[in-house]
Structures are given as C-alpha cells and as structure tokens.
Amino acid sequence: MRWGRRYFAVQAVAGAAWWVAVFLSPVVREATLGGLDPVMVAALDVPLFVGASAAAAFGIRLAAVAATGWTIAVTVALAAYATITSEAGWGVLFMIAAAGASVFALCLLLLGRVPTEWILVGPFAFASADARVGARVHAARTAAQIVVFWGLFLVVGPIAIDLVEQRWGLAVEFPAMLQVAALVVLPLASALGIWSAAAMSSKGGGTPLPAAMPNRLVIAGPYRYVRNPMAMSGIVQGVAVGLLLSSWLVVVYAVLGSLVWNFAVRPHEESDLEVRFGDEFRRYRAAVRCWWPRITGVRAASAADAG
C-alpha cells in the first residue's frame, strides 16, 4: 500500500510539471498534445489526473480509482486522436506508461499486492497434459502452438506496433548493421525455441502450453544448460524482429514481455513445478540457473544429486 501511495505522489508531481511544460514550451505542447487546445484539456486533466493522484497519495482510495480510470480513458482517446491525425505520439506513450503504472499502484493501494495470478486463466492456466495421449499427438500440438504463438507474438503483434509507431510519428531508422545482426540471431533463437519445444514434447509427455504441461520434469536438450530456454528464445526473437523492422517500440515490447514473464508468470510456474515434482525440481533448480546457461550440461542423474 505504501508503494502505491508513493507512486501516485510521483505521478501528481510529474503531471503538474508536465502541464507547466505544456504551457511554457511549444515543443512539449505539440509533441504531447498535437493540435488539441491545452486549456480545454487541462480543465479536466488537472483535477482528475494531477489532483486525484495527489489525493490518492494520501491514501484516499476513491481518488486512486478516479485517477486510474481517467488515465486509462485519456490514453484510449489520445491514442485514437494520434492514429487519426498523426499527432501527439509522445503524449500517447507517456499516457500508456502512466496508465499501466497507475493500475499497478491501484492494486497495491486496494489489495496490498499485484494479483499476477489473474493472468493465468484459460489457455494460460497451469494443468498437466493428458497422460493417455501419445508422443506424436504432443508433438503435433506443440507444432501447432508454435505456429499460432509465433504468428501472433512475432508477426501480427510487431507489425501492428510498427504501423502504429510510424503513424504516431515515433519511427527511428536503425543502422543497417543491426538488421544484419538480427538476420543472424533470429534463426538461431528460433532453432533454440524449436529444440526446447521438441525436448519438452518428446521427453516430458506434454506441450509448452500451460494448459497441457509435461507430466515429467524435462532435463534434456537445452534444459540441461538453462531452466528457461523457450523464454530466452522468445525474448531474443522479439528483439531481433524489432531490429529487422527498425522499430524501437517492438524492441521495448519484447523487453516488457520478458519482464512480465520473469516477474509475473515465472514465480507461479516454478511454484507449480515444485508442487508437482517436489524435490526433483528443487534439485534441478539448484543445479541449473534460470537465465545464465551452464558451460556443461547437467544430466538428470546429476540434478538428482545436486544440493
């Protein structure tokens, strides 16, 4: 709760400072508001964003709800305005950041924590795969998941972000050498992802999808060197796609996705693995790091002896 109040205090000060800059600097005004009348916008934003955030900093929960709701509404409206007019792109980015942070702060203020388990629903809820299904079926399902998720998160999502980035006037040209590097890194990262998925479906009796997780702890293939090779693959793939598109927002999208996975999803996943596999997973976790690969791969027998 304390950190939620602190955030709203910072937001109130930052919002006030931004409005001062809007009225003093034509550059700031044009970059963040475009052709909108700052007086008309300020008439609503100062009390509902700055004022409500200040009140929320003193622990007034209704004010925190009002500030968060207003921030989200302004973000949506400003995004529509920027998409139609190609103006105020930086203002949209700032409001997206403020909206996301406000939601986190509101959760801290109302609940005392961020309920990350809320994202683990539907196909993202943890459940073991059907043990009666053969390895070929798991492999086929894994291949289908790769096509769907890679298509969504590495093609559709980045292209949409790139189009928005250009429409909002935020595009920055990358050096050609970065695109060349991405052409080398992307297939390598994709190969790691396929290797990881194959090991999981063939050795674990399941798929990478949380709703059909392996029935056996996988200590094979890349999992001998690092605990989360598929996550590593996805992060590097996302960054490489961003470099290929010359889109810094896609790179940010990949980095933010890695942070969400590491701090929101991974703790729940590892807790589930510990419940299902007990000491076997605890020994494996002690022997193999999450992000930093081992030089030599650990074997299942070695992991069993670790700790």
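The shown structure was predicted, so the numbers you read here are calculated from the model rather than taken from an experiment. (Residues numbered from 1 in each chain as written. Predicted model: local features only at pLDDT ≥ 70, side-chain atom pairs only at ≥ 80, totals over all residues. Heavy atoms only, no water.)

### So, the nonpolar core
One broad trend across soluble globular proteins is that nonpolar side chains are buried collectively. We count it as follows: Only buried Ala, Val, Leu, Ile, Met, Phe, Trp, Tyr and Cys residues count toward a nonpolar core, and they belong to the same one when joined by side-chain atoms within 4.5 Å. Burial classes follow relative accessibility: with a 1.4 Å probe on protein chains only, a residue under 20% of its type's maximum area counts as buried, one over 50% as exposed, and anything between as partly exposed. Per the convention used, a helix needs a DSSP run of H or I reaching at least four residues, while a strand needs a run of E reaching at least two, with both numbered from the N terminus. Note on contacts: a residue pair qualifies if any of its non-hydrogen atoms lie within 4.5 Å across the two residues.
In terms of nonpolar packing, the biggest core is built from 15 residues, with L217, V218, Y223, F281 and Y284 touching the most fellow members. Looking at this core, the elements with two or more residues in it are α7 (176-204), α9 (248-277) and α10 (279-287). In terms of residue count, the dominant contributor to this core is α10 (three residues). Contacts of V218, omitting those with residues within four sequence positions, involve A199, M200, K203, G204, Y223 and Y284. Formed by twelve residues, the second largest nonpolar core is a distinct cluster that contains V74, M95, L170 and L249.

### Describing the environment of D45
Selection rule: Two N or O atoms count as a polar contact when they lie within 3.5 Å, although within protein this holds only if one can serve as hydrogen donor and the other as acceptor, and sequence-adjacent residues are included solely when both atoms are side-chain atoms.
With respect to the helices, strands and loops of the structure, D45 is situated in helix α3 (residues 38-57). A residue is classified by how much of its surface remains accessible, and D45, at 4% relative accessible area, is buried. Considering only alpha carbons, one finds D45 and V74, 29 residues apart in sequence, at a separation of 8.7 Å. Looking at D45, its side chain comes within polar contact range of the side chain of W70, at 2.8 Å.

### Examining the side chain of H138
Secondary-structure assignment places H138 in helix α6 (residues 135-167). Side-chain polar atoms of H138 contact the backbone oxygen of V133, separated by 3.4 Å. A polar side-chain atom of H138 sits 3.4 Å from the main-chain carbonyl oxygen of G205. Apart from residues lying up to four places away in sequence, H138 is in contact with A129, D130, V133, S201, G205, G206 and T207.

### Observations regarding the packing of aromatic side chains
For the record, the criterion: The aromatic pairing rule takes the rings of Phe, Tyr and Trp, using the six-membered ring of Trp, and pairs them if the centres are within 6.5 Å, calling planes under 30 degrees apart stacked, those over 60 edge-to-face and the rest tilted. We call a charge positioned over a ring when the NZ of a Lys or the CZ of an Arg lies within 6 Å of the ring centre and within 35 degrees of the ring normal.
For the coordinates displayed, the defined rule picks out seven aromatic pairs. Relative to F8, the ring of Y7 has its centre 5.7 Å away and its plane inclined at 65°; by these criteria the two rings are edge-to-face. Summarising the aromatic geometry, the rings of F149 and F153 are spaced 5.9 Å apart at their centres and angled 15° between planes, so their arrangement reads as stacked. With a gap of four residues between them, F149 and F153 both fall in helix α6, about one helical turn apart. Among the residues examined, F153 registers a relative accessible area of 39% and is labelled partly exposed. When the ring centre of W3 is taken as reference, the NZ or CZ atom of R6 above it lies at 4.6 Å.

### Some words on the packing of helix α1 (residues 2-24) against α3
Here is the rule we go by: Helix axes are fitted only over the stretch in contact, all axes being lines through C-alpha atoms; the angle between N-to-C directions runs from 0 to 180 degrees. By definition in this entry, angles of less than 35 degrees are roughly parallel, angles greater than 145 are roughly antiparallel, angles of 65 to 115 are roughly perpendicular, and the rest are oblique. Handedness of a helix crossing follows the sense of rotation of the near helix relative to the far helix, less than a right angle counterclockwise being left-handed and clockwise being right-handed.
For the pair α1 and α3, interaxial distance at closest approach is 7 Å and the crossing angle is 155°. The angle between α1 and α3 places the two elements in the roughly antiparallel class. In the crossing of α1 with α3, the sense of the turn from one axis to the other is left-handed. Residues R5, F8, A9, Q11, A12, G15, A16, W18, W19, V22 and F23 of α1 form the contact with α3, whose participating residues are P38, V39, V41, A42, D45, V46, F49, V50, S53, A54, A56 and A57.

Any functional reading would require information that these geometric values do not contain.
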